[in-house]
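Residues per chain are reported as follows:
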Amino acid sequence: LYALLERGGIRLAHADEYLRARLPDASEAGLLDVRRTTPVMSVLRKSYSTQARLIEVVRAVYLGDKYEYVVRLDRGAGEGGIGGLVTAPGRDRPE
């Protein structure tokens, strides 16, 4: 998807991802085949172009006991604080 966007002149600049633990609604519980008392992780991602245009919205609901979210923070070159954010679900898991 991103390669196609870039070929069309649209470059991804950044994405904001929002995570929230909650209980599923009736529809989600049915689709996931769980009770409405089963915790889920709700994820909303908004991706933006270098022109600050919203180019992608992803909404997902994961079972709470099946989802792992790993974040690696890299310090940007020449910056005093954390300059980059890289998400890598399932990789480099600490034991």
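Preceding this paragraph is the structure being described.
Residues numbered from 1 in each chain as written. Predicted model: local features only at pLDDT ≥ 70, side-chain atom pairs only at ≥ 80, totals over all residues. Heavy atoms only, no water.

**Student:** Please clarify how the packing of aromatic side chains should be interpreted in this entry.
**Tutor:** The geometry of an aromatic ring pair is captured by two quantities: the separation of the ring centres and the angle between the planes. Taken as a whole and judged by the stated rule, the model has two aromatic pairs. Ring geometry for Tyr 62 versus Tyr 67: centroids 4.3 Å apart, planes at 20°, classification stacked. We classify Tyr 67 as partly exposed; its relative accessible area is 21%. On the basis of an interplanar angle of 20° and a centroid distance of 6.3 Å, the ring pair of Tyr 67 and Tyr 69 is categorised as stacked. (Phe/Tyr/Trp six-rings, centres within 6.5 Å; stacked < 30°, edge-to-face > 60°. Buried < 20%, exposed > 50% of the residue type's maximum accessible area, 1.4 Å probe, protein only.)

**Student:** Which parts of the structure should I look at to understand the pattern of salt bridges?
**Tutor:** Pairing between side chains becomes possible if they bear opposite charge and their charged atoms approach one another. With the rule as written, the count across this model stands at five salt bridges. Between Glu 28 and Arg 22 there is a salt bridge whose closest N-O contact spans 2.9 Å. Note on accessibility: Glu 28 and Arg 22 belong to one class, buried. Linking Arg 45 and Glu 56 is a salt bridge whose minimum nitrogen-to-oxygen distance equals 3.9 Å. Remark: Glu 56 occurs in strand β3 (residues 54-63) and Arg 45 occurs in strand β2 (residues 40-49); sequence separation between them is 11 residues. For Glu 56, a relative accessible area of 14% corresponds to the buried category. Through salt bridges that share partners, Glu 17, Arg 45 and Glu 56 make up one connected network. (Salt bridge = Lys/Arg side-chain N within 4 Å of Asp/Glu carboxyl O. Helix = DSSP H or I, 4+ residues; strand = E, 2+ residues; numbered from the N terminus.)

**Student:** Is there a simple way to explain the environment of Tyr 67 in this structure?
**Tutor:** Considering the arrangement of structural elements, one finds Tyr 67 in the loop between β3 and β4 (71-75). As for Tyr 67 and Met 41, which are separated by 26 residues in sequence, their C-alpha atoms are 7.4 Å apart. Look past the residues within four positions of Tyr 67 in its chain and what remains in contact with it is Leu 19, Met 41, Val 43 and Tyr 62. (Contact = heavy atoms within 4.5 Å.)

Keep in mind these numbers describe shape, not what the thing actually does.
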